[in-house]
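Single-letter residue listing:
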Amino acid sequence: MALKIGIVGMGGIGNNHAACYKKDELADLVAVCDVVKAKADAAAEKFGVKAYYSLRSMLENEPDLQIVDVTTGGIDNGSWHFEPAMEAILAGKHVLVEKPLAHDIEEGRQLYAAAEKMKVYLGCNLNHYFTPPAEKAMQYVNEGGVGELVYCLMKMGFNGGEAGYASAGSPKIKDHPYFHMKAFLTHPFSVMRHFCGDITHIQTFSDRPGFRRNAGDVMVSINSIHVKFANGGVGYLLSQRGDAVYGLGGWWSLEMAGSKGTFCIENCVEKVSYWKAEKGIPAISVQPTPEVTDFGTNDFNSTFGNRLHAFLEDVSNGVPREQLRANGRDALAVLEYTFAVIESYERGGELVRPRRLPPLHGDPLTML
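Residues numbered from 1 in each chain as written. Predicted model: local features only at pLDDT ≥ 70, side-chain atom pairs only at ≥ 80, totals over all residues. Heavy atoms only, no water.

Caption draft 1: Looking closely at the side chain of Lys93. Mapping Lys93 onto the fold places it in the loop between helix H4 (82-90) and strand E5 (94-97). Among buried charged residues, Lys93 stands out as having no salt bridge; its nearest opposite-charge side chain is Asp64, 7.0 Å away. A polar atom in the side chain of Lys93 sits 3.2 Å from the backbone oxygen of Pro63. (Helix = DSSP H or I, 4+ residues; strand = E, 2+ residues; numbered from the N terminus. Buried < 20%, exposed > 50% of the residue type's maximum accessible area, 1.4 Å probe, protein only. Lys, Arg positive; Asp, Glu negative; His and termini not counted. Salt bridge = Lys/Arg side-chain N within 4 Å of Asp/Glu carboxyl O. Polar contact = N/O pair within 3.5 Å; in protein donor to acceptor, adjacent residues only side chain to side chain.)

Caption draft 2: Looking closely at the pattern of salt bridges. For the structure on display, the rule yields 16 salt bridges. For Glu116, the salt bridge is made with Arg321, and the minimal N-O distance between the two is 3.4 Å. Here the residue Glu116 occupies a position in helix H5 (residues 105-118), and Arg321 occupies one in the loop between helix H10 (302-317) and helix H11 (328-346), the gap between them amounting to 205 residues. Judged by its relative accessible area of 30%, Glu116 is partly exposed. Across the salt bridge formed by Arg212 and Asp217, the nearest N and O atoms sit 2.8 Å from each other. Each member of the pair, Arg212 as well as Asp217, carries the same accessibility label: buried. Where salt bridges share partners, they join Glu106, Arg109 and Glu336 into one cluster.

Caption draft 3: Focus on the environment of Lys23. You can see Lys23 is positioned in helix H1 (residues 12-23). With a relative accessible area of 76%, Lys23 lands in the exposed category. In the structure, Lys23 is positioned 282 residues away from Gly305 in sequence and 8.7 Å away in space, judged by C-alpha atoms.

Caption draft 4: Spotlight on the packing of aromatic side chains. Using the criterion set out here, one finds 9 aromatic pairs in the structure. Geometrically, the ring pair formed by Tyr140 and Tyr274 is stacked, given 4.2 Å between the ring centres and 10 degrees between the ring planes. Of the two residues, Tyr140 is situated in helix H6 (residues 132-142) and Tyr274 in strand E14 (residues 271-276); the sequence distance between them amounts to 134 residues. Here Tyr140 and Tyr274 have matching classes, each one buried. With a centroid separation of 5.6 Å and an interplanar angle of 85 degrees, the aromatic rings of Trp251 and Phe300 are classed as edge-to-face. Taken as a pair, Trp251 in the loop between strand E11 (234-244) and strand E12 (252-258) and Phe300 in the loop between strand E15 (291-294) and H10 lie far apart in primary sequence, 49 residues in all. Note on Trp251: relative accessible area 24%, which makes it partly exposed. (Phe/Tyr/Trp six-rings, centres within 6.5 Å; stacked < 30°, edge-to-face > 60°.)

Caption draft 5: Fine view of helix H8 (residues 186-196). Burial of H8 is extensive: 10 of the 11 residues sit out of reach of the surface. Looking only at H8, the buried set comprises Thr186, His187, Pro188, Phe189, Ser190, Val191, Met192, Arg193, Phe195 and Cys196. Just downstream of H8 lies Gly197, where phi reads positive at about 95 degrees.

Caption draft 6: Focus on the pairing of E5. Going residue by residue along E5, you find His94 and Leu96 tucked away on one face and Val95 and Val97 tucked away on the opposite face as well. In this fold, the crossover linking strand E4 (residues 67-70) to E5 by way of H4 has right-handed handedness. Following the chain from E5 across H5 to the adjacent parallel strand E6 (residues 122-124), one finds a crossover that is right-handed. (Right-handed = clockwise from strand over helix to strand, strands pointing away.)

Caption draft 7: Structural view of the state of the cysteines. Following the criterion strictly, the structure yields 0 disulfides and no others. For the unlinked cysteine Cys20, the closest cysteine sulfur is that of Cys268, found at 14 Å. Lacking any disulfide linkage, Cys268 is separated from the closest cysteine sulfur, that of Cys264, by 12 Å. Overall, Cys268 belongs to the buried group, its relative accessible area being 1%. (Disulfide = S-S within 2.5 Å.)

Caption draft 8: H6, seen in detail. Among all positions in H6, only Pro133, Ala134, Ala137, Met138 and Tyr140 are buried. Within H6, the buried residues cover an arc of 150 degrees as seen down the axis, which keeps them to one side. Residues Glu135 and Asn142 are exposed on H6 and point more than 90 degrees away from its buried face. Between a side-chain oxygen at the N-terminus of H6 and the backbone nitrogen of Ala134 the separation is 3.1 Å; the capping residue is Thr131. Just beyond H6, the residue with positive phi is Gly144, at close to 85 degrees. (Arc of directions from axis to C-beta.)

Put into structure tokens, the structure is as follows:
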């Protein structure tokens with residue numbers, strides 16, 4: 001049976017989610033909500049559902065609602081997430097939140113704790129690893145084709161440069177130095193953690209280029225981040241927001257190298273290459289021939305439908321909360337990493353240990 005869904009926040013992302021739900025057999029989109037009446041009304045007409053202008057009203061008038069999808073934005077693209085997400089959780093609804101989980105780390109911790117207390121599903125739109133290349137790459141990992149982690153290299157951001165630069169006019173960006181960190185680092189950190197596990201140490205050298213400084217732009221837009229994983233592997237994340245044109249691998253690439261093999265995903269949805277470690281491989285000069293799986297697409301928007309369907313699938317199947325894909329604990333982890341980056345930056349590049357995640361207790365009804 002399809003799950004009854006209401007969406008809060010009918011900007012571009014909210015409309016994107018609504019379009020995905022209308023195509024998904026597991027979804028029954030029944031309502032949309034936005035404090036801007038025109039946005040709610042336009043979305044309601046477009047998708048053939050009822051419009052509301054407050055979440056309270058939507059919850060009161062749609063008692064059978066099962067999922068509240070929070071797609072609001074705000075400062076650093078996340079300051080309007082906490083209030084509706086918490087209201088829906090306390091009303092006993094399952095909640096999906098756009099990234100980042102929250103604008104403030106304490107708010108993120110409170111959301112996770114509330115969802116655990118209310119025993120509802122809390123998911124986040126960590127959509128960058130809901131792709132065929134990521135599935136193929138995880139197959140290499142699960143079948144032992146990578147082995148013990150040696151290193152992970154992640155490059156994710158936006159193409160640009162001085163010629164196309166323009167100062168941000170939006171109040172949710174302007175005068176907020178950590179906009180890129182808070183609005184975007186969730187994605188690359190979530191992908192690195194998906195493949196390599198928890199991160200225990202973080203150090204960053206972050207800055208902004210001269211053309212931003214000259215324009216009075218305060219955004220710390222270049223992030224060079226070094227990490228250590230709990231399993232002993234090391235990693236590096238480079239993310240920048242339109243300060244240069246990316247080279248090989250495009251705007252999105254992940255290389256995970258282990259004792260038995262290495263894979264590289266290019267452009268998120270495009271292709272994955274795999275190199276098997278074998279005897280007789282020269283140490284230099286000759287590169288082994290990779291196994292390449294090209295999925296023949298550059299349609300990044302497909303990740304939204306994939307991720308939303310996975311959430312609906314997990315809720316429909318009643319999976320244990322800790323097994324929900326891209327769950328609240330996963331989203332809290334990458335938010336902890338983001339705030340560790342900010343702390344490292346503010347301390348001049350010092351090493352920071354992110355706060356440990358809440359312990360998993362397990363459900364006695366499912367862990368038999």
